[in-house]
Amino acid sequence: MVSQLVSSLGVVIAGVFFCALYYWLSDKLLQLALPVRDGDPRAASLALNRRAAVRPWLFLGPALLLLVVYLVYPVVATFILSFYDRSGTTFVGAANYVWAINDAQFRQSIFNNLMWLAVVPAACTFFGLVIAVMTDRIWWGNIAKSLIFMPMAISFVGASVIWKFIYEYRGGKEAQIGLLNAIVQFFGGDPQVWISMPFWNNFFLMAILIWIQTGFAMVILSAALRGIPEETVEAAVIDGANGWQIFWKIMVPQIWGTIAVVWTTITILVLKVFDIVLTMTNGQWDTMVLANLMFDWMFRGGGDSGRSAVIALVIMAAVTPIMIWNIRQANQQSGGH
Amino acid sequence: MAGVVLKDIRKSYGQVKVLHGIDLDVAEGEFVVFVGPSGCGKSTLLRMIAGLETITAGEMSIGGKVVNDVPPSRRGIAMVFQSYALYPHMTVYDNMAFGLRIAHESKSEIDRRVRAAGDILQLTPYLDRLPKALSGGQRQRVAIGRAICRDPEVFLFDEPLSNLDAALRVATRIEIAKLKEQMPQTTMIYVTHDQVEAMTLADRIVVLSAGRVEQVGRPLELYENPTNLFVARFIGSPSMNIIPATVAEPGDPTLISLSAGRSVRVPIATPSAKAGEAASFGVRPEDLVLAKGDDYLLEGTVSLVEALGEVTLLYVDGPVGAEPMIAKLPGIVDVKKNDTVRLSADPGKLHLFDAAGKAFPKKR
């Protein structure tokens, strides 16, 4: 434990030192390359201007290089791979794309992903907003908020394990240990195998992500709600608006930008949903989503990098526009006005 | 149209008492200003009239109807907030129309009222703009316009000018005075800590301090006949010079002795029971003049001269009291630092307060 702490501290110090050294050295080299000599003010000012033009590229260089290696190169490589066969050696043209369009499981995944997109961001934002408003009015609001925020700290796999116990089904005469089945039995119903109930099981999986992400939506929206000037609400009270009208016509429009950021952030997360499906069903019983399908084709049954690359590109194409919009919104929020 | 009557209004937050029984009768069409130092409860009182704060005890009526439990929107009031409180996501037009839409007024009626308010306040060119595209003064006018649109019987202003710069504050103050003239039937209640606003706008001023009414009266009445030390100090700038004294010979006039052994005959009646008691002697800086000859009121050394052209302020370290006295003399006066000056005042302009700070009434 102590040795780990010491070594990680050492790494941090060394890292910062090498960064500082890099900036210092590169600036020194720049000064040597573009020297300022006494006597000729015009040449001197020219050299200083050139230095100012070069310096940002010099300082950003390492970061840009890493971005190219770890982001741009994989994108390009994936794009190229998508036109090759399963081992990535023979060019097959658009065959992988044609396969995807005709593949039933691919279509199923697209459909499921769309369902996730329609339900999860909306539910998280809605519950987050409602809870944020409610908890502002009660004395134990902060306790409730902490409890609701807590699932954020649990990994997706951990959360799935917890929810497996909720959806658990025991066959035969065995006592039901799953919470949901216990409740159903309490009200006189028959226990169900929730996880293998096609179509509806998608929603049972979504509930897990909603459980995790509502806390995130709640915290951000709660902060935004606190930023609303109290006087605008009081002015609306004097104008005769009731609680519902104040909420929808005065409060929500004032935090609209934040709602959009929360919504799109969760949307991006949902497009990449993987761990929950892998842990709960592994894509069986019609619950397959794109990320899991990509993983299956890449790493299971011998692997097919071509088809897997096509699926990866589809996910990327879906995420990119939302990401751009999200970043723009967030920039506007943080002082673009 | 309606007056506002407060009967023994009290407010407390848990154990903390904020207002200790306010009695006030505001006549219909009157312009009343609540003034007082910060924390005196004036804004709380206004918000209670608006219905934004509950009334802990007492009875409040607007237009003869008890409104203790009537929601703000049914009290016939409109309020202008210090921070304007405009709805940032709505245009100027929508800001003014919001209340009318909530009340389900017809489209044509809304349009008529909003445009009328826009005309009065010269906002017509800005009706389609969002508040963030307006200057501070324009925003303030929109806030007033929103209040006008509600066609209220009682207008409430909560320090409406304190967010404006000095020049705009004067201009907007005059606009509010004009607005009042255009609406003679509308009652207006205005909260401020700025005594200039209070003096220029009010029909009557209510001076509040620590949750109590210190004095209610016309602006000049408060200036000329403050009923206690608090009002005497609060109204007028620079504030009244207060000099500790004792009642040497009660009667009419009263002979008082100032702490440095000097005696002054003040033409104010005091009961004989007050003989020998401590008192406070007050004289306003602007009532002091340079004395000619030996007939003077006070004497002291000038510690600071502030020559403003129109007036000259002398800070005089007197033999009396710890604080320097201030004399406000008209025009330019040839007095230098460390000069010894003798000051006198018209006997009718002198004030005398008893040990508890209450004024001995002046002769009328």
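None of these values were measured; they are calculated from a predicted model.

Chemist: How should I be thinking about the overall build of chain B in this particular structure?
Modeler: When helices and strands are tallied, chain B shows 8 helices and 20 strands. Along the first, second and third principal axes, the C-alpha atoms of chain B reach 75 × 45 × 35 Å. Burial statistics for chain B: of 364 residues in total, 51% are counted as buried. Pairs at least 24 residues apart make up 63% of the contacts formed inside chain B by residues separated by at least 6 positions. Taken as a whole, chain B presents about 16,400 Å² of accessible surface, with 50% of it coming from carbon and sulfur.

Chemist: Sorry if this is basic, but what is going on with the pairing of strand β17 (residues 311-317) of chain B here?
Modeler: Every other side chain in a regular strand lies on the same face of the sheet, so the side chains alternate between the two faces. Residue and element names in this part refer to chain B. Of all 7 residues in β17, 6 are buried, a share of seventy percent or more. Where strand β16 (residues 298-307) and β17 come together, 6 bridges link them in antiparallel fashion. Its bridge partner lying in β17, Ala307 is registered against Thr312. The hairpin formed by β16 and β17 contains 3 residues between the paired strands, and Gly309 there has a positive phi angle of roughly 90°.

Chemist: What's the story with the sheet that holds β17(B) in this structure? I'm lost.
Modeler: Strands in a sheet are paired, the pairing made by backbone hydrogen bonds, and the direction either parallel or antiparallel. Residue and element names in this part refer to chain B. Across the sheet, which stays open at both edges, the 5 strands sit in the order β15-β19-β16-β17-β18 with antiparallel pairing between neighbours. Strand pairing shows two members of the sheet lacking a second neighbour, β15 (288-290) and β18 (325-330), which therefore form its edges. Here the strands of the sheet are splayed against their neighbours by 50° on average, with no regard to which way each runs.

Chemist: Whenever I open this one, the sheet that holds strand β1 (residues 4-13) of chain B confuses me. Can you help?
Modeler: All names here are of chain B. Strand order in the open sheet formed by 4 strands is β2-β1-β4-β5, with antiparallel pairing between adjacent strands. Each edge of the sheet is formed by a strand with only one pairing partner; in this case those strands are β2 (16-26) and β5 (65-66). As judged from the 8 bridges shared by β1 and β2, these two strands associate in the antiparallel manner. When the bridges of β2 are listed, Leu6 appears paired with Leu24. Packed onto the sheet, helix α1 (residues 42-50) meets β1, β2 and β4 (57-62) and runs at close to 115° relative to β1.

Chemist: Whenever I open this one, the nonpolar core confuses me. Can you help?
Modeler: Grouped burial of nonpolar side chains is what soluble globular proteins tend to show. By size, the foremost hydrophobic cluster in this structure holds 87 residues, and its most contacted members are A:Trp116, A:Val120, B:Leu6, B:Phe34, B:Ile49, B:Leu156 and B:Ile189. Apart from residues lying up to four places away in sequence, B:Leu156 is in contact with B:Leu46, B:Ile49, B:Ala50, B:Ile77, B:Ala78, B:Met79, B:Val80 and B:Ile189. The next biggest cluster of nonpolar side chains, apart from the first, holds 44 residues, and it includes B:Leu100, B:Cys149, B:Leu179 and B:Ala202.

Chemist: Even after reading the chapter, I still don't get the interface of chain A and chain B, so can you show me in this structure?
Modeler: Interfaces are often described in size by the accessible area the parts lose on coming together. Of the residues lining the interface, 16 residues belong to chain A; the matching set on chain B comes to 22 residues. Summing both sides of the interface, chain A and chain B together bury roughly 1,600 Å²; the carbon and sulfur share of this comes to 67%. In terms of surface lost to chain B, no three residues of chain A exceed A:Glu234, A:Ile238 and A:Asp239, which account for 42% of the buried area on that side. Counting across the interface, chain A meets chain B through 2 salt bridges. Residue B:Arg150 is joined to A:Asp239 by a salt bridge in which the shortest nitrogen-to-oxygen separation is 3.7 Å. Across the contact surface, chain A and chain B share 6 residue pairs in polar contact (both at pLDDT 80 or more). At the level of secondary structure, the elements contributing two or more residues to the side of chain A that touches chain B comprise α9 (230-238) and α10 (243-254) of chain A. Examining the composition of the side of chain A that touches chain B, we find that 7 residues originate from one element, α9(A), more than from any other. Here the residues of the side of chain A that touches chain B sort into 7 nonpolar, 5 polar and 4 charged.

Chemist: Whenever I open this one, the packing of helix α4 (residues 104-135) of chain A against helix α11 (residues 256-271) of chain A confuses me. Can you help?
Modeler: Two packed helices can be described by the angle between their axes and the distance between those axes. Residue and element names in this part refer to chain A. Contact pair α4 / α11: the axes reach a minimum separation of 9 Å and the direction vectors enclose 140°. In this structure, the crossing between α4 and α11 has a hand that is right-handed. Residues Asn113, Trp116, Leu117, Val120, Pro121, Ala122, Cys124, Thr125 and Leu129 of α4 touch α11, and the partners they reach there are Ile259, Val262, Trp263, Ile266, Thr267, Val270 and Leu271. Of the residues in the contact of α4 with α11, the class split is 13 nonpolar, 3 polar and no charged.

Chemist: What is the right way to read the environment of B:Glu105 from this model?
Modeler: Residues and elements named next belong to chain B. Checked against the element boundaries, Glu105 lands in the loop between α2 (92-102) and α3 (107-120). Beyond its immediate stretch of four places on either side in the chain, Glu105 contacts Leu100, Ile110 and Arg113. Only 3.3 Å separates the side chain of Glu105 from the side chain of Arg113, close enough to count as a polar contact.

Chemist: Help me understand α10(A) in this model?
Modeler: Residues lying three or four places apart along an α-helix face the same way, a consequence of the helix completing one turn every 3.6 residues. Compared with an ideal rise of 1.5 Å per residue, which puts 12 residues at 16 Å, α10(A) spans 16 Å between its outermost C-alpha atoms and is within 8% of the ideal. Those residues of α10(A) that fall on the buried side of the exposure criterion are A:Gln245, A:Ile246, A:Phe247, A:Ile250, A:Met251 and A:Val252. Residues of α10(A) that are buried in the fold lie against α4, α8 (200-226), α9 and α11 of chain A together with α2 of chain B.

Chemist: I would appreciate a short explanation of the domain arrangement of chain A in the present structure.
Modeler: Residues and elements named next belong to chain A. Domain boundaries assigned for chain A yield domain 1 (2-81) and domain 2 (102-335). Each of domain 1 and domain 2 has a C-alpha centre, and these two points are 40 Å apart. Tallying the contact residues gives 4 residues for domain 1 and 6 residues for domain 2. In total, domain 1 and domain 2 occlude about 380 Å² of area from one another, counting both sides; carbon and sulfur atoms represent 84% of this. Contact with domain 2 buries surface across domain 1, with Val75, Thr78 and Leu81 losing the most and accounting together for 86% of the total. Applying the counting criterion to the domain 1 and domain 2 interface returns 0 salt bridges. Where domain 1 meets domain 2, there are 0 residue pairs in polar contact (both at pLDDT 80 or more).

Criteria and cut-off values
- Residues numbered from 1 in each chain as written.
- Chains lettered and ligands numbered in written order.
- Predicted model: local features only at pLDDT ≥ 70, side-chain atom pairs only at ≥ 80, totals over all residues.
- Heavy atoms only, no water.
- Helix = DSSP H or I, 4+ residues; strand = E, 2+ residues; numbered from the N terminus.
- Buried < 20%, exposed > 50% of the residue type's maximum accessible area, 1.4 Å probe, protein only.
- Contact = heavy atoms within 4.5 Å.
- Areas by Shrake-Rupley, 256 points an atom, 1.4 Å probe, with all protein chains shown as cover.
- Pairing = 2+ DSSP bridges.
- Axes fitted to C-alpha atoms, helices over the stretch in contact; angles between N-to-C directions.
- Core = buried A, V, L, I, M, F, W, Y, C linked by side-chain atoms within 4.5 Å.
- Buried area = accessible area lost by both parts, 1.4 Å probe.
- Salt bridge = Lys/Arg side-chain N within 4 Å of Asp/Glu carboxyl O.
- Polar contact = N/O pair within 3.5 Å; in protein donor to acceptor, adjacent residues only side chain to side chain.
- Nonpolar A, V, L, I, M, F, W, Y, C, P; charged D, E, K, R; others polar.
- Left-handed = near helix turned anticlockwise from the far one by under 90°.
- Expected span 1.5 Å × (residues − 1).
- Domains from an automatic or database assignment.

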